[in-house]
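# Fold and contact review
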Amino acid sequence: MHEMMQNIDAVIFDMDGSLVDSMWMWRAIDVEYLGSFGIPLPEDLQSRIEGMSFAETAMYFKEHFPIPDTTEDIMDTWNRMAWDKYLHEVPLKMGITEFLRSCRERGILLGIATSNSRELVENVAKVHNLRDYFTSIITGSEVKRGKPAPDIYLAVARELGTAPSRCLVFEDIVAGIIAGKNAGMRVCAVEDEYSSHDRERKKKLADYYIEDYVGLF
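Residues numbered from 1 in each chain as written. Predicted model: local features only at pLDDT ≥ 70, side-chain atom pairs only at ≥ 80, totals over all residues. Heavy atoms only, no water.

## Thoughts on the pairing of strand β4 (residues 167-171)
Summarising burial for β4: five of the five residues are buried, a large majority. The alternating pattern of β4 places Cys167, Val169 and Glu171 on one face and Leu168 and Phe170 on the opposite face, and all of these are buried. Note: strand β1 (residues 10-13) against β4, four bridges, orientation parallel. By the bridge assignment for β4, Phe13 is matched with Phe170. Of the pairings in the sheet, the one linking β4 to strand β5 (residues 186-190) comprises four bridges and is parallel in character. Residue pairing for β5: Val169 is matched across the bridge by Val187. Between the parallel elements β4 and β5, the chain passes through helix α8 (residues 174-182) in a crossover that is right-handed. (Buried < 20%, exposed > 50% of the residue type's maximum accessible area, 1.4 Å probe, protein only. Helix = DSSP H or I, 4+ residues; strand = E, 2+ residues; numbered from the N terminus. Pairing = 2+ DSSP bridges. Right-handed = clockwise from strand over helix to strand, strands pointing away.)

What follows is the structure, encoded as structure tokens:
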């Protein structure tokens, strides 16, 4: 057993980039969505919205771009665009199903803490037959502050009935890693091409680092 799994009662995952290979997709959606209004994608947009909840990101778009859609319309459009990509273009991270199965067999509780919308996370879990593994799923819109604040991770731990110090978090972006550490949890950084420019910083901030989930037990 990998040392990171010792003295752990619960494992909590971020979704995009940690459970599924989908971080590339959100940039593609931003390009496509803004492009439909003739607006080019600002180079630093991704770093400005990192860690924001789905609703906060929609509000940011409404405030910063000349878009006629309401924030609800924006979120509906993103949900539709994303769902199509999740269904046809987004694979699970390598080794994840076996890892979830091993956790369940050992009585380790499982949760998801995502900035994504509830509709999308539930759909993704269902299409990949993951829903039964997770006792708690909490989205960024359901807590006061988004990552890097610890709110979402503490909310999942509370729902799982587990002390933060007995939780292990899997995260692929810097804001999420900091959120897990701020929650008093151990954090494993997950390799993801989208955040490869932050690789060294991720390794420094996290307790552990993995390329994928193969052989963790």
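## Considering the packing of helix α1 (residues 23-35) against helix α4 (residues 71-88)
In a packed pair of helices, the relevant descriptors are the angle between the two axes and the axis-to-axis distance. With their axes 10 Å apart at the nearest point, α1 and α4 run at an angle of 130° to one another. Taken together, the axes of α1 and α4 are oblique relative to one another. For the crossing formed where α1 meets α4, the hand is right-handed. From α1, Trp24, Met25, Trp26, Ala28, Ile29, Glu32 and Tyr33 reach across to α4, where they touch Ile74, Thr77, Trp78, Met81, Ala82, Lys85 and Tyr86. (Axes fitted to C-alpha atoms, helices over the stretch in contact; angles between N-to-C directions. Parallel < 35°, antiparallel > 145°, perpendicular 65-115°, else oblique. Left-handed = near helix turned anticlockwise from the far one by under 90°. Contact = heavy atoms within 4.5 Å.)

## With respect to the side chain of Lys147
Among the structural elements, Lys147 can be located in the loop between β3 (136-139) and α7 (151-160). Looking at Lys147, its side chain comes within polar contact range of the side chain of Asp14, at 3.0 Å. (Polar contact = N/O pair within 3.5 Å; in protein donor to acceptor, adjacent residues only side chain to side chain.)

## Brief notes about the nonpolar core
Of all hydrophobic cores here, the largest spans 53 residues; its most connected members are Val11, Phe13, Phe61, Tyr86, Phe99, Phe134 and Phe170. If one sorts the elements of this core by residue count, α4 sits on top with six residues. In this structure, Val11 is in contact with Met5, Phe99, Cys103, Ile108, Leu109, Leu110, Gly111, Leu168 and Phe170, ignoring residues within four places of it in sequence. (Core = buried A, V, L, I, M, F, W, Y, C linked by side-chain atoms within 4.5 Å.)

## Quick look at a negative patch on the surface
A surface patch of like charges, here negative, comprises Glu72, Asp73, Asp76 and Glu119. Per-element accounting of the negative patch gives the leading share, three residues, to α4. Summarising the element assignment, Glu119 is placed in helix α6 (residues 118-127). (Patch = residues over 30% accessible without salt bridge, like charges linked within 9 Å, V, L, I, M, F, W, Y side chains within 5 Å. Areas by Shrake-Rupley, 256 points an atom, 1.4 Å probe, with all protein chains shown as cover. Salt bridge = Lys/Arg side-chain N within 4 Å of Asp/Glu carboxyl O. Lys, Arg positive; Asp, Glu negative; His and termini not counted. Charge placed at Lys NZ, Arg CZ, Asp CG, Glu CD.)

## Points about α6
Buried within α6 are the following residues: Leu120, Val121, Asn123, Val124 and Ala125. Next to the buried residues of α6 lie α1, α3 (54-64), α4, β2 (109-114) and β3. Asn129 lies just past α6 and shows a positive phi near 55°.

## Regarding the sheet that holds β4
With parallel pairing, the six strands of this open sheet are ordered in space as β3-β2-β1-β4-β5-β6. Since the sheet does not close on itself, it has two edges, and those belong to β3 and β6 (208-210), each with one partner. Across the sheet, the mean angle separating the axes of adjacent strands is 20° when strand polarity is ignored. Packed onto the sheet, helix α5 (residues 96-105) meets β1, β2 and β4 and runs at close to 150° relative to β1.

## Brief notes about unusual backbone geometry
Trans peptide bonds make up the majority, and among non-glycine residues the majority have a negative phi. Looking along the chain, the bond that leaves Lys147 and enters Pro148 is cis, with omega of 20°. The topology assignment puts Pro148 in the loop between β3 and α7. One non-glycine residue, Asn7, adopts positive backbone phi at about 60°. Turning to its location among the elements, Asn7 is positioned in the segment before β1. Taking the relative accessible area as the measure of exposure, Asn7 reaches 53% and is therefore exposed.

## Concerning the packing of aromatic side chains
In total, this model carries 15 aromatic pairs according to the counting rule given. Taken together, a centroid distance of 6.0 Å and an interplanar angle of 80° make the contact between Trp26 and Phe54 edge-to-face. A residue pair is termed long-range when its members are at least 10 positions apart, and Trp26 in helix α1 and Phe54 in helix α3 qualify at 28 residues. Judged by its relative accessible area of 6%, Phe54 falls in the buried class. Both rings, one in Phe61 and one in Trp78, keep their centres 4.9 Å apart while their planes meet at 85°; by these two values the pair is edge-to-face. With Phe61 in helix α3 and Trp78 in helix α4, the pair connects residues that are 17 residues apart, well separated along the chain. By relative accessible area, Trp78 is classed as buried at 2%. Taken together, Trp26, Tyr33, Phe37, Phe54, Phe61, Phe65, Trp78 and Tyr86 form an aromatic cluster joined through their ring pairs. The side chain of Lys203 reaches across the aromatic face of Tyr209, ending 4.7 Å from its centre. (Phe/Tyr/Trp six-rings, centres within 6.5 Å; stacked < 30°, edge-to-face > 60°. Lys NZ or Arg CZ within 6 Å of the ring centre and 35° of its normal.)

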